[in-house]
Structure formats: structure tokens, C-alpha cells
Amino acid sequence: MDFKEMRTNFCHTVVLRQQELSRQLSDLSNKEQDILHFIENEKYDAVVMVKMAKQLKIVRQQRRELKVEYEQTQSLMSSLTSGKLDSFANKGYTYKTNIIADRPQGYVWHKVQ
């Protein structure tokens, strides 16, 4: 098997994974919307609503993880088709803000009153 054939097979595998991720993202988006509609339209006690909030949190975490992988596959395919593999390493999803890491050296936090 030559390099060109290996690259073609790899690209095909990545495309299949993208399709599967897209389907899973769609399913999780539908679950998320179902939970939000339930919370919005139903009147239940606090215990049930907390359980629904926990389910929503789990669905959103799963969706975020899939979305990160989907974005990585998009970046990888873009890099493969453009011939610039370096751009793949610089892609990523930010889970948290960098406000603390990005503050200027010597910055002192002030209490808000």
C-alpha cells in the first residue's frame, strides 16, 4: 500500500467518524431540547427539577466532548487537504476562560463592594 492510498483510507475513516459524530451531536441536541422543554413547560417539585438539571448537565458535557472531537476532525481534514498539518496542533476548545492566566504581571485583584 503506497502513501497516497493510505492517506485516502485515512481521510475516508475521518469522514465516517465526522458523520457519526454529527449524528450523535444531533441526538444530544434533541435530548437537550427535550429536557429544556420539560423544565419550561412542566410544574414539578424541586427534587424532580434538580434531577432534570443534572440530566441537562450530563447531556451538555457529552455534547461538548463530541463537539471538541468533531472540531478536531474538521481541523484535521482541513490540514490534510491543504497540506498544512501544523494548523491542526493549534486548534482546541476552551473549557474555561483565561482571565486569571492572562492578567498582567503585578496585577492585584480588588474587592468589589
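Residues numbered from 1 in each chain as written. Predicted model: local features only at pLDDT ≥ 70, side-chain atom pairs only at ≥ 80, totals over all residues. Heavy atoms only, no water.

Caption draft 1: Up close: the nonpolar core. Judged by nonpolar contacts, Leu-21, Leu-25, Leu-28, Ile-35, Met-52, Leu-56, Val-59 and Leu-66 together constitute the single largest core of eight residues. Sorting the residues of this core by element identifies α1 (3-41) and α2 (46-82) as the ones contributing at least two each. Look past the residues within four positions of Met-52 in its chain and what remains in contact with it is Ile-35, Phe-38 and Ile-39. Listed in part, the five residues of the second largest apolar core include Val-14, Leu-76, Met-77 and Leu-80. (Core = buried A, V, L, I, M, F, W, Y, C linked by side-chain atoms within 4.5 Å. Buried < 20%, exposed > 50% of the residue type's maximum accessible area, 1.4 Å probe, protein only. Helix = DSSP H or I, 4+ residues; strand = E, 2+ residues; numbered from the N terminus. Contact = heavy atoms within 4.5 Å.)

Caption draft 2: Layout of α2. For α2, built from 37 residues, the straight-helix expectation of 54 Å at 1.5 Å per residue is met to within 8% by its first-to-last C-alpha distance of 53 Å. When α2 is considered as a whole, its buried residues turn out to be Met-52, Leu-56, Val-59, Leu-66, Val-68, Thr-73, Ser-75, Leu-76, Met-77, Ser-79 and Leu-80. (Expected span 1.5 Å × (residues − 1).)

Caption draft 3: How the structure looks around the pattern of salt bridges. According to the stated counting rule, one finds four salt bridges in the structure shown. For Arg-17, the salt bridge is made with Glu-69, and the minimal N-O distance between the two is 2.8 Å. A residue pair is termed long-range when its members are at least 10 positions apart, and Arg-17 in helix α1 and Glu-69 in helix α2 qualify at 52 residues. You can call Arg-17 partly exposed: its relative accessible area is 31%. Arg-23 is paired through a salt bridge with Asp-27; the nearest N and O atoms lie 2.8 Å apart. Of this pair, Arg-23 and Asp-27 both sit in helix α1, four residues apart, which is roughly one turn of the helix. A single salt-bridge network, built from bridges that share partners, covers Glu-20, Arg-23 and Asp-27. (Salt bridge = Lys/Arg side-chain N within 4 Å of Asp/Glu carboxyl O.)

Caption draft 4: Broad picture of α1. Counted at 1.5 Å a residue, the expected span for α1 with its 39 residues is 57 Å, and the 56 Å between its end C-alpha atoms agrees. Taken together, the buried positions of α1 are occupied by Cys-11, Val-14, Gln-18, Leu-21, Leu-25, Leu-28, Glu-32 and Ile-35. If you follow the buried residues of α1, they end up packed against α2.

All quantities given are derived from atomic positions and should not be read as evidence of function.
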